[in-house]
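One-letter residues, chain by chain:
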Amino acid sequence: MVIKLTTADGAVIKVEREVIEQSGTVRNILNDVRMTDKPIPLPNVSGPILTKIIQYCQHHKDDASRRQPKPPNYDLENDCSETAVQQAIAKMDDFDRDFCRVDQGTLYDLLLAANFLDIQPLLDLVGYTVASMMKDKSVQEIRDTFHIKNDFTPEEEKRVIKENSWCEN
Amino acid sequence: MSYANKRPGGRIMPARRLTPHVDPEKQFEKISQAIEEIYKHNASQLSFEELYRTAYGLVLSKNGPMLYSGVKQVLESHLKDRMYQDIYPHIDAAGGRPTSGACEALLASVRLLWSEHVTAMLVIKDVLMYVDKVYVKAAQLPTIYEMGMCVFRDQVLLASNQLLSNKVVDAIMFQILHERVGAGDVNRDTLRGVVNMMIELQDPRQLRPMYDVCVEKRLLAETGVYYADIARMRISEMGAPEYLRVAQANLDTELERAKDYLSPSTTPALTNSVLENLIEAYTLPILKIPNAGLIDMLDQRDTESLYTLYRLYKPFHSSMQVLRTCIYDHTLELGKKIMLGVESSSENTVTGGSPKPATDVSGIAARTAMALRWVQEVLSCYDVYDMLLKQSFADDQDMRNTIKDAFIEIINANARAPELLSLFIDDNLKNGLRRKTEQEIDHLLERCVLMFRFLKNKDTFEHYYKLHLAKRLLFGRSLSDDSEQSLVSKLKVECGSQFTLKLEGMFKDMQLSSDVNRELRESSIGSDLGFDLNVSVLTPTFWPTMASSGASSGPRVIAHETGTDNSGTRGSGNRDANNGTKAPASSGILIPSTGGISTAIEKFTSHYLKFHSGRRLTWQYGMGNADLKVHFRSRTHELNVSTYQMIILMLFVDGEQDISLTAEQIHIQTRIPFEPLARHLQSLACGKYKVLIKTPMSREISPSDVFVFNSGFKSPQYRIRIPVISARNNVETEQEKEASQAAIGQERQYVIEAAVVRIMKTRRQMTHEQLVNETVDQLSARFMASPKMIKSGIEKLIDREYLQRSADDPRLYLYLA
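As the structure is a prediction and not an experimental result, all values here were calculated from the model.

1. What to know about the UniProt feature "domain: SKP1 component dimerisation" (unreviewed entry) in chain A
If you check UniProt for "domain: SKP1 component dimerisation" (unreviewed entry), the listed places come out as residues 120-167 of chain A in our numbering. This span, residues 120-167 of chain A, is 69% helix and 0% strand, and a straight line between its end C-alpha atoms measures 31 Å.

Now the structure itself:
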């Protein structure tokens, strides 16, 4: 059946239920709320982002791994473990890599939306992408890449460098 | 949110702030109100998505802690209010002298609050799912749902020093008691709901469900007290069958209740409590209830009650032991009663203690009948217990062993048991099987073998069985060869082939003899004889020595004859009673040459020796029988008589009428020893069919008694059998018994010595105790060896230099190779 979603900019997007149920949040809402024809409002997700996410879900809707019936409540993910992440990385195909070739702004929007909508694989994917942007960069380089302001005082900065010098080599 | 800012060259733009600055307090207010609405069952009015987003926003803006503790407070105050509103009014009513209605009201109100709370919490948990996923996990707090449960427990049940919790448990206990005494129905749904609540809530200190800590403990204690009281009352009022039945019913009810509204984890402990108080505490008293206890149940064959008894006692090892002991004792009692019953009625027919002469027919026959009765009764008793075992005791192995032990005791308490069993089998194989189906026969033989297994002195049994079997075979008394064979093969299974070797040898001899006889009949010699001659050729090692024949031992083969004499004997014609002895080392009996009998014997002997040279035949006339056509004045009869009887009768065959002979004369002319002669004369003259007339008419035979052929003899039947007393297998007289015991004792001595030598050969050296124990052990399959006999055996072996005493240690024996 078809679910209707309303985005932040007021657009109404239709999507198949089984596609969007990859989102834990939507699944939860659908379980708890009586089925009416009213669309589900998602005011903190914009239209384009939602569309992109739906593309992702569409592509991955047949992934067997998603078919595990996990109760969303007690599903405190332990996927911080190395192996789980590595598994996810191994499963990434070309679609996924293309999917992530977007600018930083979009990446962050995707990240936040994936978090809100509780789509773990997407979260992993984007998170991995961002993480790899950080890899093998010096402190200053990372600041430049992500436009992070240096709010250390010089003394603080010296102290932090000294404390962490053991892992610099 | 749009790609408008994207510049060519792929320059990365800073991230945008997505969550607007909103006042957290206001946000929380939304959540708080929503919770209230949820409790009021107005959840459908809310926008789930909005609440979710609100919570999400709060967590993202680092307001997770505030949100979490805020929600907790909302729940607490809500529940407190509800408590005072809905539940406290019932507490007072249910305190003091409660009624079932008041308890029900209290429990129902608690249950209602609980189920509402659970429903609400499920919704709240979903709304706050993001909080669970992110904040709770990071802060390592209980999930929203768990928190909600704890709030309920702390605010509702454990508040005011556990006031409500105690009241609830009290109410539950009251309701259960109410149900138990049958005062009325209780609402099980309510109880079930409340119990489930207790199961789901965890005790704060012990990490176990509150059910375990509060409810179960009380329940088990109260159950114990309740049933202890009941048991005390019942034990003095009810008989065992009723007590057991009611106990079983109680147990079933309790289990059903537990299944319905208690936790399954309680079931084993509950069962235990009920059974301990009703049954285990009264293990012995139940069995010993006068006129309605174990003994009565056994005697009345009350299989149902016994089965209930068994089932209820089974969980308690010690109770089962008590039960088994009681059954053992009772069985022994029964055995003793059987013995006494049989002995007392046999005492009535046998007077005094002096040894009875062999000719006291009635005494011996009566005693034999008693003996048979003893065996029959013991077997019937065993059958009853076997049935009880199957129907009431579920074939329990320990019980089976107990009964087996009891029967072993009973059987071996009767010193004559081996002899009596053999007689019993003998009687059945001769007569008793006639009217039984094959199944019954098989069952009976099985039982006999079973009893045999219980015998301690199996070699005694073998001795008697051989004796009785020999008589059966030789006189053709056995009803069914199949049954004989089947019994022997069953014995073989029991004891090994060594035991049955001789018995099988006897059968083989009979088989071979019939072959020889057939051969003879078909040959020229046979047709010349003028009558049918059947000779049974026996190998002495297999066959027991028959004292009655008076033959000498020695030769390897003994023959006895049965013959059909077709010679018409008239009371006329003078014939010499020749010296008809023929075979070497014969018994010395004078065989009349009339009728071609001695010729026949000669011819058979020579024929046989042609094929089996190197053997010697010794004729045993005491065991044979003959069919004689005798012409009396009125008609001719065919008489089936023993060989001796035939020989005696033929003395009266002569042309002259009225040959009269004294017993002494008969003795001289036939050379039959006096003792068997007397028996045979008795049977001819004093029995039912008086073929000879005796003067005087007494039963006793003295040498001067005069005998005359009774030509006026009349009988409706053409063919008459004239039985001789010795042909029947009877209980032995004292003398006979002593003779048997001596023979068996001798046999045992040999066996003991052989066993001792065998043991010493392998062990080389042993102490006296060791040797005795080992010997007793090895021989236990055949008989109970007494240490005295073993000691004397050892002495003899030392004399014969098989063993010697060690020089250092007088208790040590050494084997001399």
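2. Some thoughts on the environment of Ala817(B)
Note on placement: Ala817(B) falls in the segment after strand E12 (812-815). With 483 residues separating them in the primary sequence, Ala817(B) and Leu334(B) have C-alpha atoms 53 Å apart.

3. Considering the pairing of strand E2 (residues 12-16) of chain A
All names here are of chain A. Every second residue of E2 is oriented toward a common face, the buried set being Ile13 and Val15 and the non-buried set Val12, Lys14 and Glu16. Judged from the 5 bridges that link them, strand E1 (residues 2-6) and E2 form a sheet pairing that is antiparallel. Paired with Thr6 across the two strands is Val12, which belongs to E2. The antiparallel pairing of E1 with E2 creates a hairpin that spans 5 residues between the two strands, and Gly10 there sits at a positive phi of about 85°.

4. A look at the confidence of the model for chain A
All names here are of chain A. On average, residues of chain A score 81 in pLDDT, and 83% of them are at 70 or above. Taking the mean pLDDT of every element in chain A, the minimum, 67, falls on helix H4 (residues 82-91) and the maximum, 90, on helix H3 (residues 47-59). Note on residues 70-76: pLDDT under 50 across the span, and 13 contacts to partners over four residues away in sequence or across chains.

5. With respect to the sheet that holds strand E7 (residues 692-695) of chain B
Residue and element names in this part refer to chain B. The sheet built from 3 strands is open, its strands ordered E6-E8-E7 with antiparallel pairing. Looking at strand neighbours, the two that pair on one side only are strand E6 (660-662) and E7, the edges of this open sheet. Looking at each pair of strands side by side, their axes are set apart by 25° on average, direction ignored. Sheet topology places E7 next to strand E8 (residues 706-709); 4 bridges connect them, and they run antiparallel. Note on E8: the bridge partner recorded for Ile693 is Val708. Where helix H27 (residues 674-685) meets the sheet, it contacts E7 and E8, and its direction lies at approximately 110° from that of E7.

6. As for the environment of His607(B)
All names here are of chain B. Topologically, His607 is positioned in helix H24 (residues 597-611). A relative accessible area of 6% places His607 in the buried class. With 87 residues separating them along the chain, His607 and Leu520 place their C-alpha atoms 8.1 Å apart.

7. What to know about the side chain of Arg143(A)
All names here are of chain A. Along the chain, Arg143 turns up in helix H8 (residues 139-146). Taking the relative accessible area as the measure of exposure, Arg143 reaches 13% and is therefore buried. Here the side chain of Arg143 touches Asn150 through a polar contact of 3.4 Å, side chain to side chain. Once you skip the residues sitting within four places of it in the chain, Arg143 turns out to touch Ile148, Asn150, Phe152 and Glu157.

8. Looking at the packing of helix H8 (residues 188-200) of chain B against helix H9 (residues 210-235) of chain B
Residue and element names in this part refer to chain B. The contact between H8 and H9 brings their axes to 6 Å, and the two run at 130°. As summarised for this structure, H8 and H9 are arranged oblique, according to the angle between their axes. Together, Val195, Met198 and Ile199 of H8 and Met210, Tyr211, Cys214 and Val215 of H9 make up the contact between the two elements.

9. Thoughts on the packing of aromatic side chains
Enumeration according to the criterion identifies 18 aromatic pairs over all chains in this entry. Ring geometry for Tyr56(A) against Phe99(A): centres 5.4 Å apart, planes inclined by 55°, an arrangement best described as tilted. Of this pair, Tyr56(A) sits in helix H3 while Phe99(A) sits in helix H5 (residues 94-99), and the two are 43 residues apart along the sequence. For the residue pair Tyr56(A) and Phe99(A), the accessibility class agrees, reading buried in each case. With a centroid separation of 5.5 Å and 70° between ring planes, the pair formed by Phe116(A) and Tyr52(B) is classed as edge-to-face. Here the residue Phe116(A) occupies a position in helix H6 (residues 104-117), and Tyr52(B) occupies one in helix H2 (residues 48-60), the pair thus bridging two chains. Tyr52(B) shares its class with Phe116(A); the two are buried. Among the aromatic residues, ring-to-ring pairing joins Phe116(A), Phe48(B), Tyr52(B), Tyr56(B) and Tyr130(B) into one connected group. Lying across the ring of Phe99(A), Lys52(A) places its NZ or CZ 4.2 Å from the centre. The cationic tip of Lys458(B) hangs over the ring face of Phe452(B); the distance from NZ or CZ to the ring centre is 5.8 Å.

10. Some thoughts on the packing of helix H7 (residues 120-134) of chain A against H8(A)
Residue and element names in this part refer to chain A. Contact geometry for H7 and H8: axes closest at 9 Å, N-to-C directions at 130°. Compared by their axis directions, H7 and H8 come out oblique. For the pair formed by H7 and H8, the contact residues are Val130, Met133 and Met134 on the first element and Ile142, Thr145 and Phe146 on the second.

About the criteria used
- The residue numbering used here restarts from 1 in each chain and proceeds along that chain's sequence as written.
- Here the convention is simple: chains get letters from A, ligands get numbers from 1, in the order in which they are written.
- It should be noted that, the model being predicted, local features are given only for residues of pLDDT at least 70 and side-chain atom pairs only at 80 or more, the latter also being counted only at that level, while totals for whole chains, interfaces and linings use all residues.
- Just so you know, side-chain values use all the structure's heavy atoms and leave hydrogens and water out.
- UniProt positions are given in the numbering used here, feature names are shortened, and annotations may be inferred rather than shown by experiment.
- In this description a helix means any DSSP run of H or I spanning at least four residues, a strand means any run of E spanning at least two, and both kinds are numbered starting from the N terminus.
- A simple rule labels every residue: compare its accessible area, found with a 1.4 Å probe on the protein chains alone, to the largest value its type can have, and call it buried under 20%, exposed over 50%, or partly exposed in between.
- Strands pair, by our definition, only if DSSP identifies at least two bridges between them.
- Confidence scores here are pLDDT values: one per residue, from the predictor, ranging 0 to 100.
- Only heavy atoms enter the contact rule, under which two residues are in contact if any of them lie within 4.5 Å.
- Axis lines are fitted through C-alpha atoms, for helices just across the contact stretch, and the angle between N-to-C directions can take any value from 0 to 180 degrees.
- Two N or O atoms form a polar contact when they lie within 3.5 Å of each other; inside protein one atom must be a possible hydrogen donor and the other a possible acceptor, and for residues adjacent in sequence the pair counts only when both atoms belong to side chains.
- Roughly parallel refers to an angle under 35 degrees, roughly antiparallel to one over 145, roughly perpendicular to one between 65 and 115, and oblique to any angle outside these ranges.
- Aromatic pairs are defined between Phe, Tyr and Trp rings, using the six-membered ring for Trp, whenever the two ring centres lie within 6.5 Å; interplanar angles under 30 degrees are classed as stacked, those over 60 as edge-to-face, and all others as tilted.
- Lysine and arginine charges are scored as sitting over a ring when NZ or CZ, respectively, is within 6 Å of the ring centre and within 35 degrees of the ring normal.

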